[in-house]
Each structure stands twice: as structure tokens, then as C-alpha cells.
Amino acid sequence: MTDDTVEHVLPDVMLPGLRLVFCGTAAGTRSAQERAYYAHPGNMFWRTVHDVGLTPRLLRPEEFLLLPTFGIGLTDLAKHHHGNDDELPRDAFDAASLRLKIERFSPHVLAFTSKNAARAFYGRDVAFGEQPIALGTTRCFVLPSPSGQARASWRIEPWADAASAALSH
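Residues numbered from 1 in each chain as written. Predicted model: local features only at pLDDT ≥ 70, side-chain atom pairs only at ≥ 80, totals over all residues. Heavy atoms only, no water.

Peer 1: Any details on the state of the cysteines? Residues and values, ideally.
Peer 2: This structure, assessed with the given rule, holds 0 disulfides. There is no disulfide at cysteine 23, and the cysteine sulfur nearest it, in cysteine 140, is 10 Å away. Look at cysteine 23 and you get buried, because its relative accessible area is 0%. Here cysteine 140 falls in the buried class, since its relative accessible area comes to 1%. (Disulfide = S-S within 2.5 Å. Buried < 20%, exposed > 50% of the residue type's maximum accessible area, 1.4 Å probe, protein only.)

Peer 1: If you had to explain the pairing of strand S3 (residues 109-112) to someone new, which residues and values would you point to?
Peer 2: Residues Val109 and Ala111 line one face of S3 and the alternating positions Leu110 and Phe112 line the opposite face, and both faces are buried. In terms of strand pairing, strand S1 (residues 20-27) meets S3 through 4 bridges, oriented parallel. Following the sheet pairing, cysteine 23 is matched in S3 by phenylalanine 112. Here 4 bridges tie S3 to strand S5 (residues 139-142), and the two strands are oriented parallel to one another. What sits directly across from valine 109, in S5, is arginine 139. (Helix = DSSP H or I, 4+ residues; strand = E, 2+ residues; numbered from the N terminus. Pairing = 2+ DSSP bridges.)

Peer 1: Which residues make up the environment of leucine 98, and what values go with them?
Peer 2: The topology assignment puts leucine 98 in helix H3 (residues 95-105). Leucine 98 sits in the buried class, given a relative accessible area of 1%. In this structure, the C-alpha to C-alpha distance between leucine 98 and aspartate 86, residues 12 residues apart in sequence, is 20 Å. The contacts of leucine 98, once residues within four sequence positions are left out, are Cys23, Thr75, Leu77, Leu110, Phe112 and Phe121. (Contact = heavy atoms within 4.5 Å.)

Peer 1: Can you explain the pattern of salt bridges? Please cite residues and give values.
Peer 2: Close approach of charged atoms allows side chains of opposite charge to pair. Using the criterion set out here, one finds 9 salt bridges in the structure. Arginine 57 is paired through a salt bridge with glutamate 63; the nearest N and O atoms lie 2.7 Å apart. Residue arginine 60 pairs with glutamate 62 through a salt bridge whose shortest N-O separation is 2.8 Å. (Salt bridge = Lys/Arg side-chain N within 4 Å of Asp/Glu carboxyl O.)

Peer 1: For the sheet that holds S3, give the residues involved together with the corresponding values.
Peer 2: Here 5 strands make up an open sheet; going across it, the order is S2-S1-S3-S5-S4 and the pairing mixed. Edge positions in the open sheet fall to strand S2 (72-82) and strand S4 (129-130), since each of these has one partner strand only. Two elements, S4 and S5, share 2 bridges in a ladder whose sense is antiparallel. Residue pairing for S5: glycine 129 is matched across the bridge by valine 142.

Peer 1: So what's going on with H3? Residues and values would help.
Peer 2: Listed in full, the buried residues belonging to H3 are Leu98, Lys101, Ile102 and Phe105. In a view along the axis of H3, the buried residues occupy a sector of 95 degrees, so they form one face of it. Across H3 from its buried face, at more than 90 degrees, point the exposed residues Leu100, Glu103 and Arg104. For H3, the secondary structure elements touched by its buried residues are S1, S2, S3 and helix H4 (115-122). Positive phi shows up at serine 106, right after H3, with a value of about 50 degrees. (Arc of directions from axis to C-beta.)

If you want it as C-alpha cells, here you go:
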């Protein structure tokens, strides 16, 4: 359960009718300091979003509020905490809140930006790629983490598949 009186580390970027919403676990330390999603220079999020054709140019982390103009939203499972996943308290993740946001805004695609985020949401192990069960009309994907710390499991193909699903809508 989250305390809604506590300010979010980073604001949700969610509107009705988005093609794609990316969901991470929590803002990293650098992102919390800069008040911008995926702000660490070693993070490949912004480069990848551009490389798979979701944005017409490479955006900078501080431009994250422009994403809805491209049909993209952002959120995290832990809105009140920041840091590496292994530093977060056990009760940091609020899957119920994410489920309500997805029901309310109904994006075409929800893409978890790491297996850790997807595991926290589903409560079980997951594979990369599209998940067999949608959330209402929202197709769900699990993507390799763009974090520099997760470089060993990096593959762009699941990102391209999620982008293709979002852009086909």
C-alpha cells in the first residue's frame, strides 16, 4: 500500500489514448536527482526508443514530458522510492495502482522495462517479449532493462516488437 500523501519521485506521464506506456521498477538515483526518467548516461532507454522508431529524434531525459506527443507514457511500480532494485523496500512496488492506471488510461501496449518490474507486477517469473494475457485491451510486453548494469541481458528485439505493436495501433 502506498501513502498517496508522499510526493512521487517522478510524475506519471499518462493520458488516455496512448499507444505505449513504459513501466520501470523505480527511478534510479541519477533520475531522482535530475527529476527525469532514465537520466543516467549509461542507460540506453532514450537511444533505444529512438532506434526502434518511437520518436523522430533522440530525446534527452529532461524532455520526458514531450513523450505523450509521440503517443508514449511513463510510470514506475515504485512511485515513492528510488535507487537500485536491490535497495528498495519489499513493499515499494504497487502493482494494484499500476493495474488501475492501465484500466483507466487503456494504452494499446504496456511495456515493462525489465524482468524485475514485470516480476513485481505479475508475482512470478516472466520471459522477454509479449505476455500471453492482456490487461483488458492492453497488450503487455517484458523488455530487457536498458540500464547499463543489465548490459549482459541486453537485446533490442523485444523493444522493436513492442514498438511495432504500439505503432500498428
